[in-house]
Amino acid sequence: MNIKKIESAQNPLIKNIIQLQDKARNRKKEGIFIIEGVREIELATNGNYLLQTLLYCPEIISLSILEPFISSNISLIEISKEIYQKLAYRDTTEGVIAIAKTQTHTLAELTLPDNPIILVAEATEKPGNLGAMLRTADAANIDAVIIANPKTDLYNPNVIRSSVGCIFTNQIAMATTEEVIEFLQQKNINFYAATLQNSCSYHTQDYTSPTAFIVGTESTGLTQAWRETSTQNIIIPMSGIIDSMNVSVAASILLFEAKRQRNFK
């Protein structure tokens, strides 16, 4: 086993990792991103993500724990605790960081069953909200998450952290709103737009046939294209003063209503 050691924070690879953490354009340009933590790395490998490099701190983690991830195709690098703490994005540390290749996430790559449940998130801006929705999608075991008109990078460290690795357990596609509408229509999937305009209460609808829920941003909601083409516009009735709730919470309510109607199958 060939293990390289890096002892300086000025090493070009360490500087590059910091750039990958901080800048979406670097991740997109190089087609790689950073994964932190044993559980997240395990979920990524199970999700067919290809690891290029493993950096570990022997003061924090035993190399034996990482054996399932080590192969001849992966560069293994030992780093000091000082360097690791400089790289670590999370407060709770596990001592290992991986560099992995991004995936393409096209609509054509989605594999759907005959009666799917899909979540479509349009123009989500906050990485934490996107990560929370991916976590909910995994919890509900739905069939796909589609990001329409993406505004935040899927591989933002905050998305990975807030999804607790569920970015790797969901089928995810990204496309324009127009492309997603066309995709759903071609697949004969009913889609329900969560919006205030021309809507009825969400619990009055039947979600036992192929279903997609469309959620938008908390500030501006969904674009007009969804409101005009949806099977039905729906609303979650609220009794408080404000007229909107966190988008990830709204997505949770809708997805689990569909699961309830299907007896949580």
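Worth saying up front: this structure is predicted, and the values here are computed from it rather than measured.

Conventions we followed
- Residues numbered from 1 in each chain as written.
- Predicted model: local features only at pLDDT ≥ 70, side-chain atom pairs only at ≥ 80, totals over all residues.
- Heavy atoms only, no water.
- Pairing = 2+ DSSP bridges.
- Helix = DSSP H or I, 4+ residues; strand = E, 2+ residues; numbered from the N terminus.
- Axes fitted to C-alpha atoms, helices over the stretch in contact; angles between N-to-C directions.
- Contact = heavy atoms within 4.5 Å.
- Polar contact = N/O pair within 3.5 Å; in protein donor to acceptor, adjacent residues only side chain to side chain.
- Salt bridge = Lys/Arg side-chain N within 4 Å of Asp/Glu carboxyl O.
- Buried < 20%, exposed > 50% of the residue type's maximum accessible area, 1.4 Å probe, protein only.
- Phe/Tyr/Trp six-rings, centres within 6.5 Å; stacked < 30°, edge-to-face > 60°.
- Expected span 1.5 Å × (residues − 1).

**What about the sheet that holds strand β4 (residues 75–79)?**
Taken in spatial order, the five strands make up an open sheet running β1-β4-β3-β5-β2, and their pairing is mixed. Two strands lie at the open edges of the sheet, namely β1 (3–6) and β2 (32–36), each paired on one side alone. Across the sheet, the mean angle from the axis of one strand to that of its neighbour is 25°, orientation sign disregarded. Pairing between strand β3 (residues 51–56) and strand β5 (residues 96–101): five bridges, direction antiparallel. Its bridge partner lying in β5, L55 is registered against I97. Here helix α1 (residues 12–22) sits on the sheet in contact with β1, β2, β3, β4 and β5, set at roughly 90° to β2.

**Observations concerning the side chain of S201**
Assignment of secondary structure puts S201 in strand β10 (residues 199–201). A polar atom in the side chain of S201 sits 2.7 Å from the side chain of H203.

**Focus on the environment of I3**
One can find I3 in strand β1. Not counting residues up to four positions away in its chain, the partners in contact with I3 are Y56, L63, L76 and E78.

**Details of the sheet that holds strand β12 (residues 232–235)**
The sheet built from seven strands is open, its strands ordered β8-β7-β6-β11-β9-β12-β10 with parallel pairing. Lying at the two open borders of the sheet, with one neighbouring strand each, are β8 (172–175) and β10. Between one strand axis and the next, the sheet turns through 30° on average, direction left out of account. By the bridge criterion, four bridges tie strand β7 (residues 144–148) to β8 in an arrangement that is parallel. Paired with I147 across the bridge in β8 is M174. Against the sheet, helix α9 (residues 247–261) touches β6 (117–122), β9 (190–194), β11 (211–215) and β12, its axis set at about 165° to β11.

**Considering the pattern of salt bridges**
Taken as a whole, this structure holds four salt bridges when the rule is applied. Across the pair R27 and D153 runs a salt bridge, and its minimum N-O distance is 2.6 Å. With R27 in helix α2 (residues 24–30) and D153 in the loop between β7 and α6 (157–162), this residue pair connects regions lying 126 residues apart in the sequence. Across this residue pair, the class does not change: R27 and D153 are buried.

**Side note on the packing of aromatic side chains**
Taken as a whole and assessed by the stated rule, the structure comprises nine aromatic pairs. Aromatic pair F191 and W226: ring centres 5.6 Å apart, planes at 85°, arrangement edge-to-face. Linking F191 in strand β9 with W226 in helix α8 (residues 224–229), this pair joins segments that are 35 residues apart in sequence. A single burial state applies to F191 and to W226, both of which are buried. Following the ring pairs from residue to residue traces out a cluster consisting of F33, Y49, Y155 and F168.

**Some thoughts on helix α5 (residues 127–140)**
For α5, built from 14 residues, the straight-helix expectation of 20 Å at 1.5 Å per residue is met to within 8% by its first-to-last C-alpha distance of 20 Å. Three or more residues of α5 are buried, namely P127, N129, L130, G131, M133, L134, T136, A137 and A140. Looking at the packing, one finds that the buried side of α5 touches β6, β7, α6, β8, β11 and α9. N141 lies just past α5 and shows a positive phi near 55°.

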